[in-house]
Amino acid sequence: MKRIVILTGAGISRESGLDTFRDAGGIWSQVSLEDVCTPEGFARNPEMVDEFYNRRRQELTQVVSNDAHRALVELENAYASNDDDAFLLVTQNTDDLHERAGSRNVLHMHGELLRLRCMNCSATPEWKADCTRATACPECGQRSLRPDVVWFGEMPLHMDRILLALERCDMFVAIGTSATVYPAAGFVDQVSGHACTVELNLVPSGNAGDFDEGAYGPATTVVPRFVSRELGSLLS
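What you are looking at is a predicted structure, and each value in this text was computed from that prediction instead of being measured.

Each value, and the rule that gives it
Residues numbered from 1 in each chain as written. Predicted model: local features only at pLDDT ≥ 70, side-chain atom pairs only at ≥ 80, totals over all residues. Heavy atoms only, no water. Helix = DSSP H or I, 4+ residues; strand = E, 2+ residues; numbered from the N terminus. Contact = heavy atoms within 4.5 Å. Phe/Tyr/Trp six-rings, centres within 6.5 Å; stacked < 30°, edge-to-face > 60°. Buried < 20%, exposed > 50% of the residue type's maximum accessible area, 1.4 Å probe, protein only. Core = buried A, V, L, I, M, F, W, Y, C linked by side-chain atoms within 4.5 Å. UniProt positions renumbered as here; feature names shortened; annotations may be inferred. Salt bridge = Lys/Arg side-chain N within 4 Å of Asp/Glu carboxyl O.

(A) Spatial organisation of the environment of Val150. Counting through the fold element by element, Val150 comes out in the loop between β5 (145-149) and α7 (159-168). Those residues in contact with Val150, other than ones at most four positions away along the chain, are Met109, His110, Gly111, Met155, Pro156 and Leu157.

In structure tokens:
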């Protein structure tokens, strides 16, 4: 059976009501990424960083998964019915909308908004409440918590597993990505020569020409359509 790797970005969650980062009116037009998404910004003003992520955590509780998230669950169920390693969903998103839709084999390469990371003991507890400088780590008791997200200048998570899956896959699909953040923007090049590549996006990305095919429009339209086509080919 074929092996598939799906990469998702902020575009798949946009129709659930979450802001993207780089679009007009997106998050980076409202706040400086250097202030809230770098280790240096956290060192300068941790209270500002806490407030930014507390707000985003609260926003996440107000939205639900959409049809694009749910379609990928159908695809996972079909691929993984006989082999759990046949399907891997890699997301650049820190939200939990894939999991809430029912996805199981998910790697958050940029971390998770609903977790904190302790800089003292490295614990990553689940966390849905606000976090302040007075919040103690539930494992070691130290007031040394930060968001469990990958900031600019830090290494993405789970790269060994991701690179192995890319090496072994027969199909690679990028959904709702800007193709400007590496290493994810280079995944399509890494599978060149051994995998069919598909881009599903609102508009063509900067490296759309590197994909074998593309479909463009709202994620809730193009993703279910692609999944329906792929399910049909699996059953034929």
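Here the narrative resumes.
(B) Representation of the packing of aromatic side chains within the structure. Taken as a whole and assessed by the stated rule, the structure comprises six aromatic pairs. On the basis of an interplanar angle of 40° and a centroid distance of 6.5 Å, the ring pair of Tyr53 and Trp151 is categorised as tilted. In this pair, Tyr53 sits in helix α4 (residues 46-60) while Trp151 sits in the loop between β5 and α7, placing the two residues 98 residues apart along the sequence. The two residues Tyr53 and Trp151 agree in class, both being buried. Between Tyr79 and Phe87 the ring centres are 6.4 Å apart and the planes differ by 50°, which places this aromatic pair in the tilted class. Take Tyr79: its relative accessible area is 0%, and that puts it in the buried class. According to the relative accessible area criterion, Phe87 is buried, its value standing at 1%.

(C) Highlighting the nonpolar core. Counting residues in hydrophobic clusters, the biggest one holds 23 residues, and the most contacted among them are Ile6, Leu72, Leu75, Val173 and Val223. Taken together, the elements giving at least two residues each to this core come down to β1 (4-8), α5 (67-79), β2 (87-91), β6 (171-175), β7 (196-201) and α9 (219-235). Sort the elements by how many residues they give to this core and α9 lands first, with six residues. The residues contacting Leu75, other than those within four sequence positions of it, are Ile4, Ile6, Phe87, Phe226, Val227, Glu230 and Leu231.

(D) Local environment of the UniProt feature "binding site: substrate" (unreviewed entry) in the protein. UniProt feature "binding site: substrate" (unreviewed entry): in the numbering of this structure it lies at Tyr53 and Arg56. Setting aside residues no more than four positions away along its own chain, Tyr53 makes contact with Val36, Cys37, Leu113, Pro147, Val149 and Trp151. Position of Arg56 relative to the elements: it lies in helix α4. Since its relative accessible area comes to 16%, Arg56 is described here as buried.

(E) Examining the pattern of salt bridges more closely. For the structure on display, the rule yields 13 salt bridges. With its nearest N and O atoms 3.3 Å apart, the salt bridge here joins Arg44 to Asp35. Take Arg44: its relative accessible area is 54%, and that puts it in the exposed class. With a shortest N-O distance of 2.7 Å, Asp67 and Arg70 are connected by a salt bridge. Of this pair, Asp67 and Arg70 both sit in helix α5, three residues apart, which is roughly one turn of the helix. Here Arg70 falls in the partly exposed class, since its relative accessible area comes to 39%. Salt bridges here are not isolated pairs; linked through shared partners, they connect Glu112, Arg115 and Glu126.

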